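Now for the letters of each chain:
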Amino acid sequence: MYDLRLAGILSTQITRYKFSGICMASLLKPTDENLNLLRNVLKSGGLVAVPTETVYGLAANAFDAEACARIFTAKGRPTNDPLICHIASLEVAESISSFNELSRKLARLFWPGPLTLILPKAKTIPDIVTAGLASVAIRCPMHSVFQQLISEIDFPLAAPSANPFAYISPTTATHVNENLGEDIDYILDGGPCELGLESTIIDARDESSPLLLRHGALSQEEIETTAGIRLIDKSSNITQGPSVAPGSALKHYSPKTGLTLSAAPIKEPAAVNPDTAYLLWKKPEGKNAENIFWLSASGSLTEAASRLYAALHEIDQLGYQQIIAQTFPEQGMGNAINDRLRRAAAK
Ligand code: TXA
Ligand code: MG
């Protein structure tokens with residue numbers, strides 16, 4: 001645990017509360033006083049879980065190698081999996097990386113927002129952040145609470161999603177507390193994440209062949225149409241096993257309850273096994289059994305994406321023997337949803 005009394009920030013430790021007898025993190029609302037406290041925690045090398053529009057992140061000062069090392073320990077994340085650096089503006093990003101014309105155009109079009117760019121890194125970013133790579137992942141979140149926090153600190157925040165490695169990403173402060181609360185001290189509660197899926201990752205270092213490394217909350221179609229480019233989809237370059245290329249672990253985002261994908265439509269009469277939770281895209285017609293879960297009554301893919309992780313967290317606590325999830329159409333946010341479901345289903 002990181003003790004603020006040792007860091008000289010507080011004369012007394014903030015009250016932590018107990019959840020099922022276990023010591024959990026303090027959930028702080030974004031008041032001016034709390035934001036100042038958390039800026040000081042970050043300055044002194046502490047970890048803070050922070051809200052973004054995609055998912056909650058587990059943040060540390062990106063210039064502080066020791067603080068960043070604590071992120072890997074808290075998450076149980078292998079150190080060959082690099083972290084995203086979060087910044088307040090394109091100007092700050094230019095001071096820790098170098099942009100070509102295409103990367104700058106993408107940043108101008110989509111920042112602040114759910115887009116991460118892979119760029120050549122400056123020496124000021126410690127190797128632990130980038131897992132020794134010469135590139136760094138950078139993103140400028142648009143969540144107003146995140147912006148308030150970061151606008152008054154003079155370092156980037158390294159932050160992976162605030163979940164134990166390979167588990168479902170958190171879209172509420174409570175998800176963070178239930179799964180990482182024992183390992184961190186502070187969670188900044190900015191409410192539920194609006195988009196609910198991680199950022200889209202693009203490597204445009206080679207302007208003639210920009211790569212899509214991860215489908216995410218900004219759809220491939222939107223990027224291509226708005227920026228007038230074609231992306232080469234490298235997102236399914238996925239492998240299995242412990243020693244994999246950055247971010248390519250096949251098993252990821254996985255609930256404790258075993259999950260299987262079903263390409264065939266799941267209709268209510270087929271959902272007869274009461275020990276199975278069925279996760280569907282749209283609400284089926286008529287009255288639904290309690291083991292039928294759907295992500296959007298109207299069939300909106302954006303709404304479905306925003307609710308995916310919250311639904312998996314909820315189902316995971318209900319004691320079902322298995323989850324059968326329907327695959328989504330491969331369009332818009334359906335690509336990112338299918339990517340997460342495929343990884344959640346991986347053994
Ligand atoms: O929406 C998001 O992106 C969230 C919020 C908190 O910002 N963050 C997030 O971080 O999803 P994380 O660590 O869970 O996923 C970051 C991904 C990892 O798969 C990592 O391997 C990849 O980005 N990554 C980081 N730096 C990279 C680099 N230099 N080259 C290639 N991939 C990189
Ligand atoms: Mg993650």
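Just so you know, the residues in each chain are numbered from 1, in the order the chain's sequence is written. For naming, the first written chain is A and the first written ligand is 1, with later ones following in the order written. Given that this is a predicted model, residues contribute local features only at a pLDDT of at least 70 and side-chain atom pairs are listed and counted only at 80 or more, while totals for whole chains, interfaces and linings are drawn from all residues. Computation of side-chain values: all heavy atoms of the structure, hydrogens and water removed.

### Thoughts on the overall build of the protein
In step 1: Along its length, the protein carries 10 helices and 17 strands.
In step 2: When each of the 347 residues of the protein is scored for burial, the buried share is 56%.
In step 3: Within the protein, residue pairs in contact and separated by at least 24 positions form 65% of the contacts whose partners lie at least 6 positions apart. Comment: elements are numbered from the N terminus, with helices defined as DSSP H or I runs of at least four residues and strands as E runs of at least two. For every residue, the accessible area obtained with a 1.4 Å probe (protein chains only) is divided by the maximum for its type, and the residue is called buried under 20%, exposed over 50%, and partly exposed between those limits. The contact criterion used throughout is that any non-hydrogen atoms of two residues lie within 4.5 Å.

### Side note on the packing of helix α4 (residues 101-110) against helix α8 (residues 220-227)
The description of two helices packed together rests on the angle between their axes and the distance between the axes.
In step 1: The axes used here are C-alpha line fits, helices contributing only the stretch in contact, and every angle between their N-to-C directions lies in the interval 0 to 180 degrees. With their axes 11 Å apart at the nearest point, α4 and α8 run at an angle of 110° to one another. Judged by the inter-axis angle, α4 sits roughly perpendicular to α8. In this structure, α4 uses Lys105, Leu106, Leu109 and Phe110 to contact α8, whose residues at the interface are Glu222, Ile223, Thr226 and Ala227. What sets the label is the angle itself: under 35 degrees gives roughly parallel, over 145 gives roughly antiparallel, 65 to 115 gives roughly perpendicular, and the rest give oblique.

### Here we look at the nonpolar core
Soluble globular proteins: nonpolar side chains tend toward being buried together.
In step 1: The nonpolar core is taken to be a set of buried Ala, Val, Leu, Ile, Met, Phe, Trp, Tyr and Cys residues, with the residues joined through side-chain atoms within 4.5 Å. The biggest cluster of nonpolar side chains holds 48 residues, and the ones touching the most others in it are Leu106, Trp111 and Ile184.
In step 2: At the level of secondary structure, the elements contributing two or more residues to this core comprise β5 (57-61), α2 (65-75), α3 (90-96), α4, β7 (115-120), β8 (135-139), α7 (173-180) and α8.
In step 3: With 5 residues, α2 is the largest single contributor of residues to this core.
In step 4: The contact partners of Trp111, leaving out residues within four places of it in the chain, are Ile87, Leu90, Ala93, Phe99, Leu106, Leu117, Ile138, Arg139 and Cys140.
In step 5: One finds Ile168, Ile315, Ala344 and Ala345 within the second-largest nonpolar core, a separate group that totals 29 residues.

### Quick word on the site of ligand 1
In step 1: Proximity criterion: a residue is near a molecule or strand once any of its heavy atoms comes within 4 Å of it. Not every one of the 23 residues close to ligand 1 is listed here, only the nearest: Thr54, Asp81, His86, Ser199 and Arg214.
In step 2: Counting of polar contacts relies on pairs of N or O atoms within 3.5 Å, with two restrictions inside protein: one atom must be capable of donating a hydrogen and the other of accepting it, and residues adjacent in sequence are counted only when both atoms are side-chain atoms. At a separation of 2.6 Å, an oxygen atom of ligand 1 approaches a polar side-chain atom of Asp81.
In step 3: If ligand 1 stood free it would expose 680 Å²; the protein chains cover 94% of that surface.
In step 4: When contributions to the shell around ligand 1 are tallied by element, the ones reaching two or more residues are β6 (84-86) and β8.
In step 5: Considering each element in turn, the shell around ligand 1 owes the most residues, 3 residues, to β8.
In step 6: In this classification, the charged set is Asp, Glu, Lys and Arg, the nonpolar set is Ala, Val, Leu, Ile, Met, Phe, Trp, Tyr, Cys and Pro, and all remaining amino acids, among them Gly, are polar. Taken together, the residues that form the shell around ligand 1 break down as 11 nonpolar, 7 polar and 5 charged. Here the Shrake-Rupley method, with its probe set to 1.4 Å, supplies the accessible areas, and only the displayed protein chains count as covering residues.

### Details of the pattern of salt bridges
In step 1: Salt bridges are counted wherever a side-chain nitrogen of Lys or Arg sits within 4 Å of a carboxyl oxygen of Asp or Glu. By the definition in use, this model includes 12 salt bridges.
In step 2: Lys121 is the partner of Asp127 in a salt bridge, and the nearest nitrogen-oxygen pair spans 3.9 Å.
In step 3: Taken together, the shared-partner salt bridges connect Glu198, Asp339, Arg340 and Arg343 into one network.

### Some points on the sheet that holds strand β14 (residues 258-262)
Strands in a sheet are paired, the pairing made by backbone hydrogen bonds, and the direction either parallel or antiparallel.
In step 1: Spatial strand order, β14-β17-β15-β16: 4 strands in an open sheet with parallel pairing. In the strand order of this sheet, the two ends are held by β14 and β16 (292-296), each with one partner. Averaged over all pairs of adjacent strands, the angle between their axes in this sheet comes to 25°, without regard to strand direction.
In step 2: Strands qualify as paired when DSSP identifies two bridges or more between them. Note that strand β15 (residues 276-282) and strand β17 (residues 322-326) share 4 bridges and pair parallel. Residue pairing for β17: Ala277 is matched across the bridge by Ile323.

### Things to note about the packing of aromatic side chains
In step 1: Under the pairing criterion, centres of Phe, Tyr and Trp rings, with the six-membered ring standing for Trp, must be within 6.5 Å; the plane angle then separates stacked pairs below 30 degrees from edge-to-face pairs above 60, leaving the rest tilted. For the structure shown, the criterion picks out 4 aromatic pairs.
In step 2: Here the aromatic rings of Tyr253 and Tyr309 are separated by 6.0 Å at their centres, their planes lie at 20°, and the arrangement is stacked. In this pair, Tyr253 is assigned in the loop between β13 (232-233) and β14 and Tyr309 in helix α9 (residues 301-316), connecting sequence segments 56 residues apart. Both residues of the pair, Tyr253 and Tyr309, count as buried.
In step 3: For the pair Phe293 and Tyr320, a centre-to-centre distance of 6.1 Å together with 85° between the ring planes defines the contact as edge-to-face. With Phe293 in strand β16 and Tyr320 in the loop between α9 and β17, the pair connects residues that are 27 residues apart, well separated along the chain.

### Here's the deal with the pairing of strand β11 (residues 200-203)
In step 1: Of the two faces of β11, the one lined by Thr200 and Ile202 and the one lined by Ile201 and Asp203 are each fully buried.
In step 2: With 3 bridges connecting them, β11 and strand β12 (residues 211-214) associate as antiparallel partners. Paired with Asp203 across the strands is Leu211, a residue of β12.

### Section: the side chain of Arg104
In step 1: Turning to its location among the elements, Arg104 is positioned in helix α4.
In step 2: Classification of Arg104 by relative accessible area gives buried; the value is 16%.
In step 3: A polar atom in the side chain of Arg104 sits 3.5 Å from the backbone oxygen of Phe99.

### Regarding the confidence of the model for the protein
In step 1: You can read pLDDT as the predictor saying how much it trusts each residue, on a scale of 0 to 100. Averaged over all residues, the pLDDT of the protein is 90; the fraction at 70 or higher stands at 88%.
In step 2: Segment residues 1-21: pLDDT under 50, and 50 contacts once partners within four positions in sequence are set aside and those in other chains are kept.
In step 3: Low pLDDT (under 50) marks residues 240-245, which in the prediction has 7 contacts with non-local residues, meaning those over four places away or in another chain.

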